[in-house]
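Residue-level listing of the chains:
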Amino acid sequence: MKIAAISAVLLVTSFGQAFAWGQEGHSIIAEIAQRRLSATALTEVERILGGQVSMASVASWADDVRYGTHPETYNWHFVDIPLADNSYDPTAQCAADPKGDCAIAEIDRAEHEITCAADPVQRRDSLRYLIHIVGDIHQPFHTVADGVGENTLKVVVKFGGLIKSPPKVPDDDLHAVWDSTLIKQTNYAWGSYVDRLEGDWLLKHPAASQTLDPVAWTLEAHKLAEDMAQGIGNGATLDEAYYDKALPVVDEQLGRAGLRLAAVLNRWLGSAPACPLP
Ligand SMILES: [Zn+2]
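Counting restarts for each chain: residues are numbered from 1 in the order of the written sequence. Confidence filtering applies because this is a predicted model: local features only for residues at pLDDT of at least 70, side-chain atom pairs given and counted only at 80 or more, and all residues used for totals across whole chains, interfaces and linings. For the side-chain quantities, the full set of heavy atoms in the structure was used; hydrogens and water were omitted.

A. How the structure looks around the overall build of the protein chain. Only DSSP runs of H or I covering at least 4 residues are called helices, and only runs of E covering at least 2 are called strands; the numbering of each starts at the N terminus. Counting its regular elements, the protein chain contains 14 helices and two strands. Atoms considered for the radius of gyration are the C-alpha atoms alone. The globule rule reads 2.2 Å times the number of residues to the power 0.38. For 278 residues, the compact-globule formula gives about 19 Å, and the C-alpha radius of gyration of the protein chain, at 18 Å, lands near that figure. In terms of its C-alpha atoms, the protein chain occupies a principal-axis envelope of roughly 55 × 50 × 35 Å. Relative accessibility thresholds used throughout: buried, under 20% of the residue-type maximum; exposed, over 50%; partly exposed, between the two (1.4 Å probe, protein chains only). A total of 278 residues make up the protein chain; the buried ones form 51% of that total. Each accessible area value is a Shrake-Rupley result obtained with a 1.4 Å probe; residue values ignore everything except the protein chains displayed when judging cover. For the protein chain, the computed accessible surface area is about 12600 Å², with 59% contributed by carbon and sulfur atoms. Only four residue types enter the tally: Lys and Arg on the positive side, Asp and Glu on the negative side, with His and both chain ends excluded. The atom standing in for a charge is NZ when the residue is Lys, CZ when it is Arg, CG when it is Asp and CD when it is Glu. Measuring between centres, the 22 positive side-chain charges of the protein chain sit 4 Å from its 37 negative side-chain charges.

Spelled out as structure tokens, the structure:
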């Protein structure tokens, strides 16, 4: 009985919006951002993180604590918008909850806290959340309510991508394919993925010219999810044609997230903070 209850809990918690981009995606985004920080913002980032700590090395910390010491942050990693909907409704999709509200609310809070929180530990944690969650909401399926971010949509990976041979132990749901498989089938090492983007997408798109509003980022990612879920039913095979369609979107979303994270940090840490008086 007890074992059945525990397995039921494990089953429930093993769904949920699994992780986010895997470690690779988060490190790629953080590395792109760090290379684009102003001297002032970089000094501040190092002061907040406590030394010459790379942003890539702390970019997945939020996933560590989500399942462990900080269950109250669980929902900060996504925004649940129905696929058939194109609008963000904070009352329905970002309500207060014992597991946290949503990614958009946490980005707003963290931006403020990295500059204004009095407690240095809070500033450090908020910076680690900001680095992670700006990444998360650029993963299209982190903006989708259906199938718990399509974690429950089973797929069969048949593409080899640029690696040329399909993964030995393939992920078997659409969300996980977007978290990791598409990245690893392109460049297995995240540093090599950054090099690829620096030599191509980032050369063509050197500036984060679009808005820094996380609601706009979310709705933009949500549109991409609609497109990338099109025609994918339960048990669908993802072939080279799917990979070829997805890769430009993965490149664009990783590149955009890196540029936007840099722009956010340069804005909030690049000059004297305007914190409200206590
Ligand atoms: Zn996450």
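B. Highlighting the environment of Pro-120. Among the secondary structure elements, Pro-120 is positioned in helix 8 (residues 120-136). Given a relative accessible area of 58%, Pro-120 falls into the exposed group.

C. Spotlight on the packing of helix 8 against helix 14 (residues 240-269). Closest axis-to-axis distance for the helix 8/helix 14 pair is 9 Å, and the angle between their directions is 145°. Read as a crossing pair, helix 8 and helix 14 show a hand that is right-handed. On the side of helix 8, the interface is formed by Leu-127, Leu-130, Ile-131, Val-134 and Gly-135, while helix 14 contributes Ala-257, Leu-261, Val-264 and Leu-265. Residue type decides the class: Asp, Glu, Lys and Arg count as charged, Ala, Val, Leu, Ile, Met, Phe, Trp, Tyr, Cys and Pro as nonpolar, and the leftover types, Gly among them, as polar. Looking at the contact of helix 8 with helix 14, its residues break down into eight nonpolar, one polar and no charged. To obtain each axis, a line is fitted to C-alpha atoms, and for helices this fit is confined to the stretch in contact; angles are then taken between N-to-C directions over 0 to 180 degrees. A clockwise turn of the near helix away from the far one marks a right-handed crossing, whereas an anticlockwise turn of less than a right angle marks a left-handed crossing. Throughout, a residue-residue contact means that at least one pair of heavy atoms, one from each residue, lies within 4.5 Å.

D. Broad picture of helix 7 (residues 103-116). Take the residue count of a helix, subtract one, and multiply by 1.5 Å to get its expected span. An ideal rise of 1.5 Å per residue puts 20 Å on 14 residues; helix 7 measures up with 20 Å between its terminal C-alpha atoms. Burial runs high along helix 7: 10 of the 14 residues are buried. Every buried residue belonging to helix 7 is among Ala-103, Ile-104, Ala-105, Glu-106, Ile-107, Ala-110, Glu-111, Glu-113, Ile-114 and Thr-115, and all of these are buried. Among the structural elements, helix 3 (39-49), helix 8, helix 13 (214-229) and helix 14 are those in contact with the buried residues of helix 7.

E. Spatial organisation of the pattern of salt bridges. Counted as salt bridges are all cases of a side-chain nitrogen of Lys or Arg within 4 Å of a carboxyl oxygen of Asp or Glu. Taken as a whole and judged by the stated rule, the model has 17 salt bridges. Three or more residues are tied together by salt bridges with common partners; here these are Glu-31, Arg-35, Arg-36 and Glu-198.

F. Region of the structure containing the confidence of the model for the protein chain. For every residue, the predictor reports its confidence as pLDDT, a number between 0 and 100. In this model, the protein chain carries an average pLDDT of 91, and 91% of its residues clear a pLDDT of 70 or more. Per-residue pLDDT stays below 50 along residues 1-16; that stretch engages in six contacts with residues further than four places along the chain or on separate chains.

G. Examining the packing of helix 3 against helix 8 more closely. Look at helix 3 against helix 8: their axes get within 8 Å of each other, and the N-to-C directions meet at 115°. Facing helix 3, whose interface residues are Glu-44, Val-45, Arg-47, Ile-48 and Leu-49, helix 8 presents Arg-123, Arg-124, Leu-127 and Arg-128. The class makeup of the residues in the contact of helix 3 with helix 8 is four nonpolar, no polar and five charged.

H. Highlighting the side chain of Asp-251. Structurally, Asp-251 is set in helix 14. Since its relative accessible area comes to 8%, Asp-251 is described here as buried. Residues adjacent in sequence count toward polar contacts only when both atoms are side-chain atoms; beyond that, a polar contact is any pair of N or O atoms within 3.5 Å, and within protein one must be able to donate a hydrogen and the other to accept it. At a separation of 2.6 Å, a polar atom in the side chain of Asp-251 contacts the side chain of Tyr-193. Asp-251 has contacts with Tyr-193, Arg-196, Leu-197 and Trp-201, leaving out every residue within four places of it along the chain.

I. A look at the packing of aromatic side chains. Side-chain rings of Phe, Tyr and Trp (the six-membered ring for Trp) are treated as a pair once their centres are within 6.5 Å; stacked means planes under 30 degrees apart, edge-to-face means over 60, and tilted covers the remaining angles. A complete count under the given rule lists six aromatic pairs for this structure. Look at Tyr-74 and Phe-78: their rings are 6.5 Å apart centre to centre, the planes differ by 80°, and that puts the pair in the edge-to-face class. For Tyr-74, a relative accessible area of 10% corresponds to the buried category. Two thresholds decide whether a charge sits over a ring: the Lys NZ or Arg CZ must be within 6 Å of the ring centre and within 35 degrees of the ring normal. Directly above the aromatic system of Tyr-74 lies the positively charged group of Arg-66, at a separation of 3.9 Å from the ring centroid.

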